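A closer look at the structure
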Amino acid sequence: MKLTTKHVVAIGIGAALYGVLSAVSLPIGPNTSLRIAITLLTIFGALFGPLVGFLVGFIGHALNDTMMYGGVWWSWVMLSAMIGFSMGFIRLDKTFDPENGILNKKHIIKLYMYAVIGMILAGLAAYIGDVFFYGEPSNKVWIQILIATTSNFVVTAGLGIPAVIMLAKRKSKHKNLTAE
């Protein structure tokens, strides 16, 4: 994928929004919180592809960690990056075109499927990083991953994918307009 100016701007805006919006969180487990910012990974991944989704998650999470904690926990940065990356897989389907209001049931099913794949990839990234690089206890990490995966999937399925659907529907209402 070639990065265009549009992609670079999307990465900058998406990462900044994700970094700031991640500060709005609800603690739900040991060092784990529900973040509505996960919605942005779905939107930016679906609209701009896997690389943009990955970089929005990677840069945005690193930015948030730096602002909130003064340091970066790279395994969880990779968790966010993998979610954005996997949600971008939908762009590999050439019939998916939300900018022109083209989104059907097959695309919606794929979005949910990619969400599940993303949660698995994200959990593996966090586990490998925490246990093998940071030396965290495996039992604690599994609990964190289970809680984070559940909350991230709820946000993705309940807010992110419906947001992509609404964006496509909004575009489809305007595609028959003509200039006078």
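Residues numbered from 1 in each chain as written. Predicted model: local features only at pLDDT ≥ 70, side-chain atom pairs only at ≥ 80, totals over all residues. Heavy atoms only, no water.

The terminal C-alpha atoms of helix α1 (residues 5-21), which comprises 17 residues, lie 24 Å apart, in line with the 24 Å expected from a rise of 1.5 Å per residue. Within α1 the residues assigned to the buried category are H7, A10, I11, G14, A15, Y18 and G19. Taken end-on, α1 shows its buried residues confined to a sector of 145 degrees, consistent with a single buried face. Residues of α1 that are exposed and point more than 90 degrees away from the buried face comprise T5, K6 and V20. (Helix = DSSP H or I, 4+ residues; strand = E, 2+ residues; numbered from the N terminus. Expected span 1.5 Å × (residues − 1). Buried < 20%, exposed > 50% of the residue type's maximum accessible area, 1.4 Å probe, protein only. Arc of directions from axis to C-beta.)

On average, residues of the protein score 93 in pLDDT, and 96% of them are at 70 or above. Across the protein, helix α2 (residues 38-48) holds the top mean pLDDT of 98, while strand β1 (residues 25-29) sits lowest at 90. (pLDDT = per-residue confidence, 0-100.)

It is worth spelling out the layout of surface pockets at this point. The calculated volume of the largest pocket comes to roughly 510 Å³. When residues of the lining of the largest pocket are traced back to their parent elements, those giving at least two are β1, β2 (32-35), α3 (50-69), α4 (74-87) and α6 (138-173). The element best represented in the lining of the largest pocket is α6, accounting for five residues. A volume near 210 Å³ is recorded for the second largest pocket. Forming the walls of the second largest pocket are 14 residues, and the residues nearest its centre are H7, F48, G49, R91 and K94. Listing elements by their share of the lining of the second largest pocket, those giving two or more residues are α1 and α2. (1 Å grid on protein atoms, 1.4 Å probe; cavity = no way out; pocket = protein on both sides within 12 Å on 5 of 7 lines; lining within 4 Å. Points joined across faces, edges and corners; volume = space filled by probe spheres on them.)

Turning our attention to α3. For α3, which comprises 20 residues, the first-to-last C-alpha distance of 27 Å matches the rise-based estimate of 28 Å (1.5 Å per residue) to within 8%. All of the buried residues along α3 are P50, V52, G53, V56, G57, G60, H61, A62, N64 and D65. Of the surrounding secondary structure, the elements contacted by the buried residues of α3 are α1, β2, α2 and α4. (Contact = heavy atoms within 4.5 Å.)

To continue, consider the environment of L92. The topology assignment puts L92 in the loop between α4 and α5 (105-133). You can call L92 exposed: its relative accessible area is 59%. Through-space distance from the C-alpha of L92 to that of G14 is 20 Å; in sequence the pair is 78 residues apart.

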